[in-house]
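Structural features, examined
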Amino acid sequence: MKKISILLVILLMATCGCGKVDVGKVKEDFESKVTKTKSYQLNGTMEIINNEDKFLYTVEASFLKDDFYKVRLVNQTNNHEQIILKNEEGVYVVTPKLNKSFKFQSEWPNNSSQSYLLASLLQDIKNDSNSSLEEDDNNYIIKTSVNYPNNSELVYEKIYFDKEVNLEKVEVYNNDDSLKIQVNIKSLDLKAGLEKEDFVLEDLVNNCDEESCKIEEKTGSLEEAIYPLYIPSETYLTSKDVLDTDKGERVILTYSGNKNFVLVEEIASSSKDFEIIPVYGDPLLLNDSVAALQSNSLYWTSNNVEYYLAGNDLSNEELLSIATSLTNADIVTSSTIEK
C-alpha cells in the first residue's frame, strides 16, 4: 500500500509538471525587475558577426526613468568610441574624438530591437505571443522574434537568464539560424542611483579622457579610393572625382544604372568647437560604427574615414548592404569605370 501511494505521488507530480518553470513565470520575473528599477548600469561586450568578419565592442548602457538612456560603445579593434544619448532634449550620437554629434528626430530606442537595453528585450518578449522557453542546468532561455526594420536578416533572439532570472547573454540570429549579434553581460546594477546630471550632452565631450578629446589639426587625403564590395545589379561606377577642401581631399564616386547613388569619402577630422548636426532619421549600428540613417542616405565614420552614401533609388537595406561591404574591405584599388 505504501509503495502504491508513493507511485501515485510521483505520477501526480509528473502530470501537473511540478518543479518546472513555464515561460510565463520567467517573463513575469523579468518584467518585475525591469519595471521596478529606477536606474541601471549594464556592462558587457557585444560581437557582431558578418560572414567571416567579427567586430567586438565593449558596451556600457545606462538608464534612468523616464526614458533617459546613454550607451557607450567602444570598438575593440580601433578604439573608436561613440555614445548614443537620449535625454529631454532629444536623441544624439556623439563621437568624442571628432568633437561632433548628430541630433536625431527619432523614436529610438522604442522603434527597433536593442539587444543591450532591458526595456527593449522585455518589449520583444511581450510582442511575441509565440515566444518559448528552454531550460538547461544553468539557464532559462527565452526565444522570441525581433524587430529590426532596417535589417530584415535578423529574425529572432535567444535571451539567457540564470536560475534567479538575472540577464546573462543575448544572441540574435538570422533565418538560417546563424548567429549575427552576441551580447555578454558582465555586470548589471539595477540600483545604480543615476540622476539626470549623468545624461548631459556636453559632458560626453568635456569628460572624455585626454587622448579621446585630442583634436586633429592636420588635414589629410585618402591614399586610394575605397570601393564597395557590394553593388546593386546593373549598376556601375561611372565617375570618380577628387576635390580639394580645407580638410584635404574629398573623393566622390558616382554609380549609375539600375540603382543610382553617390558615395563620398574623406579623412575624418575633429571640429575645434563642439558641432551638432541635425538629422531626420535614426541611429543605425553598422559592423564597426554607429551611423546616421536618413531617408535614402547614410553617414558614418570607419577607420578614420568619413563616408556619406546617398541614392534616391536605394532602399534602407541596400544602403546597409553597400555600407557594410565597405567596412569589410580594407583598401580596394579597382578603378574600372563603365562608359
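It should be noted that the structure appears before, not after, this text.
Quick summary incoming for the structure in this document. Bear in mind that the values here come from a model prediction, so they are computed numbers and not experimental data.

1. Quick look at the nonpolar core
Grouped together as the largest cluster of nonpolar side chains are 45 residues, with contacts concentrated most on Val-71 and Phe-161. In terms of residue count, strand E2 (residues 53-64) provides more of this core than any other element does, 5 residues in total. Not counting residues within four places of it along the chain, the set of residues in contact with Phe-161 comprises Val-26, Phe-30, Asn-138, Asn-139, Tyr-140, Ile-142, Asn-166, Leu-167 and Glu-168.

2. Section: the pattern of salt bridges
A complete count under the given rule lists 12 salt bridges for this structure. In this structure, Glu-318 and Lys-259 form a salt bridge, with 3.4 Å as the shortest nitrogen-oxygen distance. Of this pair, Glu-318 sits in helix H6 (residues 316-328) while Lys-259 sits in the loop between strand E13 (248-257) and strand E14 (261-267); the two residues are 59 residues apart in sequence, bridging distant segments of the chain. Each member of the salt-bridge network shares a partner with another, and the members are Glu-60, Arg-72 and Glu-81.

3. Points about the sheet that holds E14
Sheet architecture is open: 7 strands sit in the order E12-E13-E14-E19-E18-E17-E16, paired in antiparallel fashion. Either end of the sheet is taken by a strand with one partner, and the two such strands are strand E12 (235-245) and strand E16 (281-285). Across the sheet, the mean angle from the axis of one strand to that of its neighbour is 20°, orientation sign disregarded. As paired elements, strand E18 (residues 297-302) and strand E19 (residues 305-310) share 6 bridges and run antiparallel to each other. By the bridge assignment for E19, Trp-300 is matched with Tyr-307.

4. Describing the packing of helix H2 (residues 23-36) against helix H3 (residues 118-127)
The contact between H2 and H3 brings their axes to 10 Å, and the two run at 150°. As for the relative orientation of H2 and H3, their crossing is left-handed in sense. For the pair H2 and H3, the contacting residues are Lys-27, Phe-30, Glu-31 and Val-34 in the first and Leu-118, Ala-119, Leu-121, Leu-122, Ile-125 and Lys-126 in the second. Tallied by class, the residues present in the contact of H2 with H3 amount to 7 nonpolar, no polar and 3 charged.

5. Some thoughts on the sheet that holds strand E15 (residues 275-279)
Strand order in the open sheet made by the 12 strands is E7-E8-E9-E10-E11-E1-E2-E3-E4-E5-E6-E15, with mixed pairing throughout. Of all strands in the sheet, those with a lone pairing partner are strand E7 (132-135) and E15, marking the two edges. Strand-to-strand twist across the sheet, computed as the mean angle between neighbouring axes with direction ignored, equals 20°.

6. Things to note about the side chain of Gln-182
Looking at the element boundaries, Gln-182 is found in strand E11 (residues 179-189). The class for Gln-182 is buried, based on a relative accessible area of 17%. Each residue touching Gln-182, except ones within four places of it in the same chain, is listed here: Thr-45, Met-46, Glu-47, Lys-169, Val-170 and Glu-171.

7. Concerning H2
Taking 1.5 Å per residue as the helical rise, H2 with its 14 residues ought to reach 20 Å, and the 20 Å between its terminal C-alpha atoms agrees with that figure. Those residues of H2 that sit buried are Val-26, Phe-30 and Val-34. When H2 is viewed along its axis, its buried side chains cluster within an angular range of 65° and face the same direction. Structural note: H2 exposes Glu-28 and Lys-36 on the side pointing more than 90 degrees away from its buried face.

Quick notes on the rules
Residues numbered from 1 in each chain as written. Predicted model: local features only at pLDDT ≥ 70, side-chain atom pairs only at ≥ 80, totals over all residues. Heavy atoms only, no water. Core = buried A, V, L, I, M, F, W, Y, C linked by side-chain atoms within 4.5 Å. Buried < 20%, exposed > 50% of the residue type's maximum accessible area, 1.4 Å probe, protein only. Helix = DSSP H or I, 4+ residues; strand = E, 2+ residues; numbered from the N terminus. Contact = heavy atoms within 4.5 Å. Salt bridge = Lys/Arg side-chain N within 4 Å of Asp/Glu carboxyl O. Pairing = 2+ DSSP bridges. Axes fitted to C-alpha atoms, helices over the stretch in contact; angles between N-to-C directions. Left-handed = near helix turned anticlockwise from the far one by under 90°. Nonpolar A, V, L, I, M, F, W, Y, C, P; charged D, E, K, R; others polar. Expected span 1.5 Å × (residues − 1). Arc of directions from axis to C-beta.

Note that every value here comes from positions in space, so none of it alone points to a role or purpose.
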